Amino acid sequence: MDIFPISLKLQQQPCLIVGGGHIAYRKALLLAKAGAAVHVLAPEIDANLLEIVEQSGGEYQQAAYREGLPLRNYRLVIAATDDSVVNQAVFVACESDNVLVNSVDDPPHCRFMVPAIIDRSPLVVSIATNGASPVLARQIRTQLEASIPHGMGKLAEFSGKWRAAVKAKIANPDERRIFWEDLYASPLKEQVFNDNVAEADRLIEQALIEWTKPKGEVYLVGAGPGDPELLTLKALRLMQQADVVIYDRLVSPAIMELCRRDAEKVYVGKARSNHAVPQEGINALLVKYAQQGKRVCRLKGGDPFIFGRGGEEIQELFAAGVAFQVVPGITAASGCSAYAGIPLTHRDYAQSVRFLTGHLKEGSPELPWNELVYQNQTLVLYMGLVGLESICEKLIEHGQRPDMPVALISKGTTPEQKVVVGTLADIASKVSEYQIQAPTLTIIGDVVSLRDQLQWHERG
């Protein structure tokens, strides 16, 4: 995060604009709307800008900016002249006096940015790009304008009126947040939108009377193979409302960024021969947090029911009497194959697909080899990188042709995706040659030969 977003209270605070033209006028409109006393320093001033200055209780100084002019008495300063030298001089002076400064259209000489704004006062939404693309920020604002009802401002004001009473009734902040979330999902919101304040007051009074300590729940959520845009809508919603997020090694940082910011994050990742927390410990954590009344998001890479041990975890929850729900995710087989341009089935090449785990037991994989050597079938190996050489040898030994195409997809669907194609006879030797690392999915079958035609993700 390159900038730290804050909301300034500027009511009756002196704010200076250096410059008296149209750009200065646009900035003055925003400052005046926020209640600031707008001061302007410029040799000449636009008539509309002068009117804002007078109405806001500010002052117009008819003079050019000169070095050495003290600026420490202003809450913030905006340099809005058409002279870059003057704007930079204002920036330097503000830095010396520790005053927040914005130099219009000159990001290097800004200590704060003026964002694109959606005003639903007291609800205010701002969108900023750190000065990189103001037009993009305005386009995003336009999109959000259509999705945020104007009544949201009324709802924010209504909530403020009841905030003290709710806090007095529900002391625990986590429980209080759940109360408000449940309330906003109830019919009360529409009553506020329609100005039925008396009915809204009755509903919140009733909700406070009926309030009981919430019971904990666990959300078993599939995070998909890595690309955050492959999350389901339900997964995103539950990630945003969870009090605790327990996540594994395969959940990408980009996906973790979408979780509720103030949620407790607990890493329980597993790598080969290195388990941060053993499975029994993970099960115990889920039960413990839920029994504390918390909403727990168990975030797992891919799909929790496909080699994700999700079934074991919810068995433990069931035995402990903990409520749970399961949100499927896009498993690595479908996500990685799609991003590599390899269809798992195809009318001419494969009429079936089989998912397998390549985990080794006592040094070798235990798989039904005779069933795997079958024409027009695609094999997908999860966690098969370590035992790849042995797996290829076994398939050839049981009758599969050595030139059967094989693809290795490392970190599929992410910007670091790497795809290496070979055959059963030579693919194992390419692991070190191309520095393939886990997590890697292995696809074996004639469908791999279609990659040259169908790959799209790398073309750009």
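Further up the page is the structure itself.
Predicted, not measured: the structure shown is a model, and the values here were computed from it.

A. Just the sheet that holds strand S9 (residues 244-247), in detail. As summarised here, the arrangement of the five strands in space is S10-S9-S13-S8-S14, forming an open sheet in which the pairing is parallel. Of all strands in the sheet, those with a lone pairing partner are strand S10 (264-267) and strand S14 (323-327), marking the two edges. Sheet twist, expressed as the average angle between the axes of neighbouring strands with direction ignored, equals 20°. Helix H11 (residues 279-291) contacts strand S8 (217-222), S9, S10 and strand S13 (295-300) of the sheet and is inclined by roughly 155° relative to S13.

B. Fine view of the side chain of Lys 300. Note on placement: Lys 300 falls in strand S13. Given the relative accessible area of 3%, Lys 300 is considered buried. There is a polar contact of 2.6 Å between the side chain of Lys 300 and the backbone oxygen of Gly 308. Excluding residues that lie within four positions of it along the chain, Lys 300 makes contacts with Leu 220, Val 221, Gly 222, Ala 223, Gly 224, Asp 248, Val 251, Gly 308, Gly 310 and Glu 313.

C. Summary view of the environment of Ile 140. Counting through the fold element by element, Ile 140 comes out in helix H4 (residues 134-147). Along the backbone, Ile 140 and Ser 429 are 289 residues apart, and their C-alpha atoms lie at a distance of 48 Å.

D. Summary view of a nonpolar patch on the surface. There is a patch of nonpolar side chains on the surface, built from Met 1, Phe 4, Ile 6 and Leu 8 and spanning about 530 Å² of accessible area. Tracing the sequence through the fold places Ile 6 in the segment before strand S1 (14-18). When its relative accessible area of 54% is taken as the criterion, Ile 6 is described as exposed.

E. The arrangement of the packing of helix H5 (residues 152-169) against helix H6 (residues 173-184) in detail. Put simply, H5 and H6 touch, their axes get as near as 12 Å, and they point 140° apart. As H5 runs across H6, the sense of the crossing is right-handed. Contacts from Leu 155, Ser 159, Trp 162, Arg 163, Val 166 and Lys 167 of H5 reach H6 at Arg 176, Phe 179, Trp 180 and Tyr 184. Counted by class, the contact of H5 with H6 contains six nonpolar, one polar and three charged residues.

F. Summary view of the pairing of strand S18 (residues 377-382). Most of S18 is tucked away: six of the six residues are buried. Of the two faces of S18, the one lined by Gln 377, Leu 379 and Leu 381 and the one lined by Thr 378, Val 380 and Tyr 382 are each fully buried. Direction of pairing for strand S15 (residues 352-357) relative to S18: parallel, over a ladder of six bridges. From the neighbouring strand, Phe 355 faces S18, where its bridge partner is Val 380. Bridge count for S18 against strand S21 (residues 440-444) is three bridges, and the pairing is antiparallel. Its bridge partner lying in S21, Leu 381 is registered against Thr 442.

G. Region of interest: the packing of aromatic side chains. Evaluation of the coordinates by the stated rule reveals seven aromatic pairs. By the ring-pair criterion, three or more aromatic residues cluster together here, those being Phe 179, Trp 180, Tyr 184 and Trp 211. The ring of Tyr 289 is capped by Lys 288, whose NZ or CZ atom sits 4.7 Å from the centre of that ring.

H. Expanded view of the environment of Met 404. Mapping Met 404 onto the fold places it in the loop between helix H15 (388-397) and strand S19 (405-410). On the accessibility criterion, Met 404 (4% relative accessible area) is buried. Taking the C-alpha atoms as reference points, Met 404 and Gly 422, 18 residues apart in sequence, are found 8.4 Å from one another.

Each value, and the rule that gives it
Residues numbered from 1 in each chain as written. Predicted model: local features only at pLDDT ≥ 70, side-chain atom pairs only at ≥ 80, totals over all residues. Heavy atoms only, no water. Pairing = 2+ DSSP bridges. Helix = DSSP H or I, 4+ residues; strand = E, 2+ residues; numbered from the N terminus. Axes fitted to C-alpha atoms, helices over the stretch in contact; angles between N-to-C directions. Contact = heavy atoms within 4.5 Å. Buried < 20%, exposed > 50% of the residue type's maximum accessible area, 1.4 Å probe, protein only. Polar contact = N/O pair within 3.5 Å; in protein donor to acceptor, adjacent residues only side chain to side chain. Patch = residues over 30% accessible without salt bridge, like charges linked within 9 Å, V, L, I, M, F, W, Y side chains within 5 Å. Areas by Shrake-Rupley, 256 points an atom, 1.4 Å probe, with all protein chains shown as cover. Salt bridge = Lys/Arg side-chain N within 4 Å of Asp/Glu carboxyl O. Left-handed = near helix turned anticlockwise from the far one by under 90°. Nonpolar A, V, L, I, M, F, W, Y, C, P; charged D, E, K, R; others polar. Phe/Tyr/Trp six-rings, centres within 6.5 Å; stacked < 30°, edge-to-face > 60°. Lys NZ or Arg CZ within 6 Å of the ring centre and 35° of its normal.

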